[in-house]
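Listed below, chain by chain, are the residues.
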Amino acid sequence: MSTKLPSRRIKNKLGTIFGYVLLAIVLIWFVFPLYWTFATSVKQKGEFFSSPPLLFSRQPTLKNYTEVFEDGSLIYLKNSIIAVTFSSLSAIVLGSLAAYGLARIKPSWSKKYALWVLSLRLFPPIAIILPLFLMMKNLHLIDTYWSLIMVYTMFNLSFAVWILRAFFEDIPSELDESAFLDGCSHLGVFFKIIIPITKTGILTTAIFCSIFSWNEFLFATILTRSITKTFVVHVASYRGSQNLNLGAISALCILGTIPIITLFLLTRRHFIRGITLGAIKD
Amino acid sequence: MKKQYAAVWFVLPATIIILLLVIYPMVYSLFVSFHSYNIAISQKMTFIGIENFKNIFLDGRFWNSIINTVILVVVGCALQLTLGLAIALLLNQKLRSEAAIKVLILLPMLMAPVVVAQMWKIMLQPNIGCVNYFLQLLHVTGQEIEWLTKSRLAIFSLLLVDLWQWTPFVTIVTLAGLYSMPTSPLEAARVDGASGFQIFRYVSLPLLKPILIVVVLIRSIDIYRLLEAVVVMTEGGPGFSTETVSFYVFSVGFKYFNIGYAAALSYFISIILSLVVGFFINSLNREMRGAL
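Residues numbered from 1 in each chain as written. Chains lettered and ligands numbered in written order. Predicted model: local features only at pLDDT ≥ 70, side-chain atom pairs only at ≥ 80, totals over all residues. Heavy atoms only, no water.

Caption draft 1: View of the overall build of chain B. Scanning chain B from terminus to terminus reveals twelve helices and two strands. Ordered by position in the sequence, the α and β elements of chain B form the string α-β-β-α-α-α-α-α-α-α-α-α-α-α. Along the longest, intermediate and shortest principal axes, the C-alpha atoms of chain B span 75 × 75 × 30 Å. Long-range contacts, defined here as pairs at least 24 residues apart, represent 66% of the contacts in chain B between residues at least 6 apart. When the accessible surface of chain B is summed, it comes to about 13,900 Å², and 68% of that surface belongs to carbon and sulfur atoms. The distance from the centre of the 19 positive side-chain charges to the centre of the 13 negative ones in chain B is 8 Å. (Helix = DSSP H or I, 4+ residues; strand = E, 2+ residues; numbered from the N terminus. Contact = heavy atoms within 4.5 Å. Areas by Shrake-Rupley, 256 points an atom, 1.4 Å probe, with all protein chains shown as cover. Lys, Arg positive; Asp, Glu negative; His and termini not counted. Charge placed at Lys NZ, Arg CZ, Asp CG, Glu CD.)

Caption draft 2: Fine view of helix H5 (residues 125-138) of chain A. Residues and elements named next belong to chain A. Its 14 residues give H5 an end-to-end C-alpha distance of 20 Å, which sits within 8% of 20 Å, the value for a rise of 1.5 Å per residue. Of all 14 residues in H5, twelve are buried, a share of seventy percent or more. Residues of H5 that are buried include every one of Pro 125, Ile 126, Ala 127, Ile 128, Ile 129, Leu 130, Pro 131, Leu 132, Phe 133, Leu 134, Met 135 and Met 136, and no others. Immediately downstream of H5, the backbone of His 140 shows phi near 55°, a positive value. (Expected span 1.5 Å × (residues − 1). Buried < 20%, exposed > 50% of the residue type's maximum accessible area, 1.4 Å probe, protein only.)

Caption draft 3: Molecular detail of the nonpolar core. In terms of nonpolar packing, the biggest core is built from 196 residues, with Leu 132, Phe 168 and Phe 219 of chain A together with Phe 62, Trp 120 and Met 233 of chain B touching the most fellow members. Mapping this core onto the domain boundaries places at least three of its residues in each of domain 1 (4-63) and domain 2 (72-237) of chain A. Aside from chain neighbours lying at most four places away, what touches Phe 168 of chain A is Ser 96, Ala 99, Tyr 100, Ala 103, Arg 104, Phe 190, Ile 194 and Thr 198 of chain A. (Core = buried A, V, L, I, M, F, W, Y, C linked by side-chain atoms within 4.5 Å. Domains from an automatic or database assignment.)

Caption draft 4: Fine view of empty space enclosed by the protein. Taken as a whole, this structure holds two cavities of 30 Å³ or more when the rule is applied. By volume, the largest cavity amounts to about 70 Å³. In terms of lining, the largest cavity is formed by Leu 120, Arg 121, Phe 123, Ile 128, Met 154, Phe 155 and Ser 158 of chain A together with Val 22 of chain B. Trp 36, Thr 40, Lys 43, Phe 48, Pro 53 and Leu 246 of chain A together with Ile 122, Ile 128 and Gly 129 of chain B together form the lining of the second largest cavity. The residue makeup of the lining of the second largest cavity, split by class, is six nonpolar, two polar and one charged. (1 Å grid on protein atoms, 1.4 Å probe; cavity = no way out; pocket = protein on both sides within 12 Å on 5 of 7 lines; lining within 4 Å. Points joined across faces, edges and corners; volume = space filled by probe spheres on them. Nonpolar A, V, L, I, M, F, W, Y, C, P; charged D, E, K, R; others polar.)

Caption draft 5: How the structure looks around a nonpolar patch on the surface. Residues and elements named next belong to chain A. Judged by side-chain polarity, Ile 10, Leu 14, Ile 17, Phe 18, Val 21, Leu 22 and Ile 25 come together as a nonpolar surface patch covering roughly 700 Å² of accessible area. Tracing the sequence through the fold places Val 21 in helix H1 (residues 4-41). For Val 21, a relative accessible area of 45% corresponds to the partly exposed category. (Patch = residues over 30% accessible without salt bridge, like charges linked within 9 Å, V, L, I, M, F, W, Y side chains within 5 Å. Salt bridge = Lys/Arg side-chain N within 4 Å of Asp/Glu carboxyl O.)

Caption draft 6: Representation of helix H5 (residues 113-123) of chain B. Across the eleven residues that make up H5 of chain B, a large majority, nine, are buried. Listed as buried for H5 of chain B are Val 114, Val 115, Val 116, Ala 117, Gln 118, Met 119, Trp 120, Ile 122 and Met 123 of chain B.

Caption draft 7: The environment of Val 26 of chain A, seen in detail. Mapped onto the elements of the fold, Val 26 of chain A is located in helix H1. For Val 26 of chain A, a relative accessible area of 12% corresponds to the buried category. Taking the C-alpha atoms as reference, Val 26 of chain A lies 23 Å from Thr 262 of chain A; in sequence the two are 236 residues apart. Residues in contact with Val 26 of chain A, not counting those within four places in the same chain, are Ile 87, Leu 90 and Ile 105 of chain B.

Caption draft 8: Region of the structure containing the domain arrangement of chain A. The domain architecture assigned to chain A consists of domain 1 (4-63) and domain 2 (72-237). Taking the mean C-alpha position of each, domain 1 of chain A and domain 2 of chain A sit 38 Å from one another.

Caption draft 9: Representation of the interface of chain A and chain B. The interface of chain A with chain B comprises 82 residues on the first partner and 89 residues on the second. Summing both sides of the interface, chain A and chain B together bury roughly 7,700 Å²; the carbon and sulfur share of this comes to 84%. It is Phe 30, Ile 126 and Leu 130 of chain A in chain A that bury the most area against chain B; as a group they hold 9% of the surface buried on that side. For the pair chain A and chain B, the number of links is zero salt bridges. Our count for the chain A to chain B interface comes out at eight residue pairs in polar contact (both at pLDDT 80 or more). Per-element tally for the side of chain A that touches chain B: the top contributor is H1 of chain A, with 14 residues. (Buried area = accessible area lost by both parts, 1.4 Å probe. Polar contact = N/O pair within 3.5 Å; in protein donor to acceptor, adjacent residues only side chain to side chain.)

Caption draft 10: Here's a closer look at the packing of aromatic side chains. Taken as a whole and assessed by the stated rule, the structure comprises 31 aromatic pairs over all chains. Plain terms: the ring middles of Phe 155 of chain A and Phe 219 of chain A are 5.1 Å apart, the flat faces sit at 55° to each other, and that makes the pair tilted. With Phe 155 of chain A in helix H6 (residues 145-169) and Phe 219 of chain A in helix H10 (residues 218-223), this pair connects stretches of sequence that are 64 residues apart. Classification of Phe 219 of chain A by relative accessible area gives buried; the value is 1%. Ring pairing ties together the aromatic residues Phe 32, Tyr 35 and Trp 36 of chain A together with Tyr 133 and Phe 134 of chain B, which thus form one cluster. If you follow Lys 229 of chain A out to its NZ or CZ, it ends over the ring of Tyr 76 of chain A, 5.1 Å from the centre. (Phe/Tyr/Trp six-rings, centres within 6.5 Å; stacked < 30°, edge-to-face > 60°. Lys NZ or Arg CZ within 6 Å of the ring centre and 35° of its normal.)

Caption draft 11: Fine view of unusual backbone geometry. Located in the positive-phi region is Lys 106 of chain A, a residue other than glycine, with phi close to 50°. In this structure, Lys 106 of chain A sits in the loop between helix H3 (73-105) and helix H4 (110-120).

This is the structure:
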């Protein structure tokens, strides 16, 4: 046995090195496309077509970004921010109320209701966009913020109810029982106890909702025309002043990703729980 | 009794929004699906019974899109599951700077599908894109591959993009499953002299199975509705070789404005989806009972 030990140690070391090499390949695979897009977005006009492709511009420039802004992209950024902010806020307000009812009052139908809400998310969005489009058209809400905010609120609600219910259930019930003894109402408990305790959970949920709305394409492309077109729809349809301006498209891609990365880094720690919740809880 | 009654008030506002924006449109859509209704030629709605649903069965382009979607779902899930699981096992060792690695791996799945599609479209361009350049550098191929304009390759490109964006999801969820795994069976197997592979195959994998089924379920549903990459990268082409179900319904509804038929198609694909999901959930239930 003792003669075997050193060789096993070498084997382990080789295994570790091999592991790190594999890890490096994995990281390059996931990060390189982002890097390439960034590198393209700061290239000069002539450098897109150079062969072999340049890994980095010889004279980095922000020209592509200024061109994109001159094309009116700022308006679409503003549209996205408005739709995202208001839909996430209303989803959180309505969703946390519903989650309180389900998780803290615990009616007998609590679980069934939560599953019903979640099941709405399974439907292909393409299946309800059609009637929604007709509905919004009849109400003259096409190309207004209202239609987008309403639809995103609804979509985020199903997610917010489900995830906030899980966060609310973690709170020990002694806390609200003692508050009830002190004469607190349900709304009192909701605002004075539940909300303060689950602050980070609520923030994480809000950020999930924001990322969903920011990235959403189908509803945005159908329910908006030119006035309230969102940034993602703009990215999908960008042609620019010249035929194929790789730099400008790359710049748009980077601009569309920066807000998401910022939001994500704000709540990194709680994020993984949010992603895994649907798959692992229950 | 009184206690439960209060819950209704808390749930009510959310329920109203949902009923208004999901249930009402669905009922209305069912109504429309029995009518001939094209808003491009400002046609009035006329009742035609189940004609729209009958047409689905004769619609070759629709069944072609079903085949494309099934290919994407099956191959996409298999690839993402294998790769995602492998990466999760790789990360499940005590690594330095694990948090930073996780952040980097998570980034693709947070990005907008439209943005991801645009990024890859640029990289896959022949002559100017970097993918062909690297392949030539590694001597995988000598010529310029037309990723998006050759019919066999175009659907492969869609798979590639989806693989890049969504493998991280499989990895992160599987990792969480590995972390929450009870340690005693693993240690018992190790004491009994099982090799690393045996432990994975006979202990970890069965324990992970319920989670993996949920992951496959979520990924299948998502790939089933794949739309953005098709719109941005191929527009269903060349020919109809990359038309997915969502893209086809999208075209019928909003390119040809054949609203009645699109409504019928929407219902049809939702029914297919519920059947598949029902099957998944049944097998998941069986799995869970087996575990108990």
